[in-house]
Amino acid sequence: DAGVTQSPTHLIKTRGQQVTLRCSPKSGHDTVSWYQQALGQGPQFIFQYYEEEERQRGNFPDRFSGHQFPNYSSELNVNALWLGDSALYLCASSGLAGGPYEQYFGPGTRLTVT
Amino acid sequence: QKEVEQNSGPLSVPEGAIASLNCTYSDRGSQSFFWYRQYSGKSPELIMSIYSNGDKEDGRFTAQLNKASQYVSLLIRDSQPSDSATYLCAPETSFQKLVFGTGTRLLVSP
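Visitor: How would you sum up the overall build of chain A? Please name residues and give values.
Guide: Broken down by element type, chain A carries 0 helices and 11 strands. Its helices and strands taken in sequence order, chain A reads β-β-β-β-β-β-β-β-β-β-β from the N to the C terminus. For 114 residues, the compact-globule formula gives about 13 Å, and the C-alpha radius of gyration of chain A, at 13 Å, lands near that figure. Reported as C-alpha extents along the three principal axes, the dimensions of chain A are approximately 40 × 25 × 25 Å. Relative to its full complement of 114 residues, chain A shows a buried share of 48%. Long-range contacts, defined as pairs at least 24 residues apart, comprise 53% of the intrachain contacts of chain A with a sequence gap of at least 6. Carbon and sulfur atoms make up 50% of the accessible area of chain A, which amounts to about 5400 Å² in all.

Next up, the structure:
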């Protein structure tokens, strides 16, 4: 049973550039949530996708946007990158197949903005 | 007041001892609670979930929940050096939205 996968593993971008991160959920899961984890901090909720719609959003600016595809995979886009966007970006999937509300994380994408 | 508070540690225990990790949360509406383990440079791994007041045991792990006190804890029995990691407490504040503490770093010495 494939777990949550994310790509790429690492990414280096320059301030002002745009980036797209990708996530495939665990088999049987239909909900994808994205989190940002800065060094030494716990993950912070960015937004969540269900049935190809953004269902809820955390306290992140509009520079952060996303998408969910019919196969439940998801993308996170960040425009106009700041140095402060450097972090580990985590995708988590959930759904009835994984227990009522349990979220399982992918390996993450380490983004460095220079 | 932070939404989720955890002692950042490090919490140092000898091998074979019981490690006790604590967490308090501010949202009285939270109904589901999760503990994740995160090794350095890796992503969080779900180790326990608890939904009702009381204790829930799974192998060497026991989660305890007291909603009236807004307190959740994780006990690790017979701690092993491989348990050395950061443990993240995460209440669910709205449907499938988790709020994380900064985590407690656990060090188990041989």
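There's more to say after this.
Visitor: Which residues make up the side chain of Thr104 of chain B, and what values do they have?
Guide: All names here are of chain B. Looking at where Thr104 falls in the secondary structure, it is placed in strand S11 (residues 104-109). The buried category is assigned to Thr104, whose relative accessible area is 5%. A distance of 2.4 Å separates a polar atom in the side chain of Thr104 from the backbone oxygen of Asn7. Contact partners of Thr104, with chain neighbours within four places excluded, come to Gln6, Asn7, Ser8, Leu11, Leu21, Ala85, Thr86 and Tyr87.

Visitor: With reference to specific residues and values, describe the layout of surface pockets.
Guide: Empty space left among the atoms is revealed by rolling a probe the size of a water molecule over them. Taken as a whole, the largest pocket spans an internal volume of roughly 540 Å³. Listing elements by their share of the lining of the largest pocket, those giving two or more residues are strand S4 (31-37) and strand S5 (44-50) of chain A together with strand S1 (4-5) and strand S10 (97-98) of chain B. Estimates place the volume of the second largest pocket at around 440 Å³. Around the second largest pocket sit 21 residues that line it, and Gln37 and Gly40 of chain A together with Gln38, Ser40 and Thr86 of chain B are the ones nearest its centre. Elements represented by at least two residues in the lining of the second largest pocket include exactly strand S9 (85-94) and S11 of chain B.

Visitor: I'd love a proper account of the nonpolar core, names of residues and values included.
Guide: In this structure, Trp35, Val72, Leu74, Ile76, Tyr87 and Leu106 of chain B are the most contacted members of the largest nonpolar core, which totals 23 residues. Contributing elements (two or more residues each) for this core: strand S3 (19-25), strand S4 (33-38), strand S5 (45-50), strand S7 (61-66), strand S8 (71-76), S9 and S11 of chain B. Looking at this core element by element, the count peaks at 4 residues for S3 of chain B. Ignoring anything within four residues of it in the chain, the contact list for Leu74 of chain B reads Ala19, Ser20, Leu21, Trp35, Ile47, Met48, Phe61, Thr62, Ala63 and Tyr87 of chain B. In terms of nonpolar packing, the next biggest core, distinct from the first, is built from 20 residues, Leu21, Tyr49, Ala87 and Tyr89 of chain A among them.

Visitor: Please give an account of empty space enclosed by the protein that cites residues and values.
Guide: All names here are of chain B. Tallied over the full model, the rule gives 1 cavity of 30 Å³ or more. Of the pockets and cavities examined, the largest cavity occupies roughly 40 Å³. Forming the walls of the largest cavity are Glu3, Val4, Tyr25, Ser26, Asp27, Ser30, Pro91, Thr93 and Val99. By residue class, the composition of the lining of the largest cavity is 4 nonpolar, 3 polar and 2 charged.

Basis of the calculations
- Note on numbering: residues in each chain are counted from 1, in written sequence order.
- Both sets of labels track the order of writing: A upward for chains, 1 upward for ligands.
- Since the coordinates come from a predicted model, pLDDT governs what is reported: local features require at least 70, and pairs of side-chain atoms require 80 or more to be given and counted, while whole-chain, interface and lining totals use all residues.
- Side-chain figures throughout are based on the complete set of non-hydrogen atoms in the structure, without hydrogens or water.
- By the criteria applied, helices consist of DSSP H or I runs no shorter than four residues and strands consist of E runs no shorter than two, each listed in order from the N terminus.
- Within these notes, the globule rule equals 2.2 Å times the number of residues to the 0.38 power, and the radius of gyration is based on C-alpha atoms.
- Each residue's exposure class comes from its accessible area (1.4 Å probe, protein chains only) as a fraction of the maximum for that residue type: buried when under 20%, exposed when over 50%, partly exposed otherwise.
- Residue contacts are defined here by distance: any two heavy atoms, one from each residue, within 4.5 Å place the two residues in contact.
- Using a 1.4 Å probe, the Shrake-Rupley method yields the accessible areas, and only the shown protein chains count as cover for residues.
- As used in this structure description, the phrase polar contact means that two N or O atoms lie within 3.5 Å; if the pair is within protein, one of them must be able to donate a hydrogen and the other to accept it, and residues adjacent in sequence are counted only when both atoms belong to side chains.
- Buriedness of a pocket was judged along seven lines, with at least five required to meet protein on both sides within 12 Å; pockets are open sets of points on a 1 Å grid over the protein atoms alone, cavities are sets where a 1.4 Å probe fits but cannot get out, and lining residues have an atom within 4 Å of a point.
- Grid points are joined across faces, edges and corners, and a volume is the space filled by probe spheres set on the points.
- To qualify as a nonpolar core, a set must consist of buried Ala, Val, Leu, Ile, Met, Phe, Trp, Tyr and Cys residues joined through side-chain atoms within 4.5 Å.
- Residues are grouped as follows: Ala, Val, Leu, Ile, Met, Phe, Trp, Tyr, Cys and Pro are nonpolar; Asp, Glu, Lys and Arg are charged; all remaining types, including Gly, are polar.

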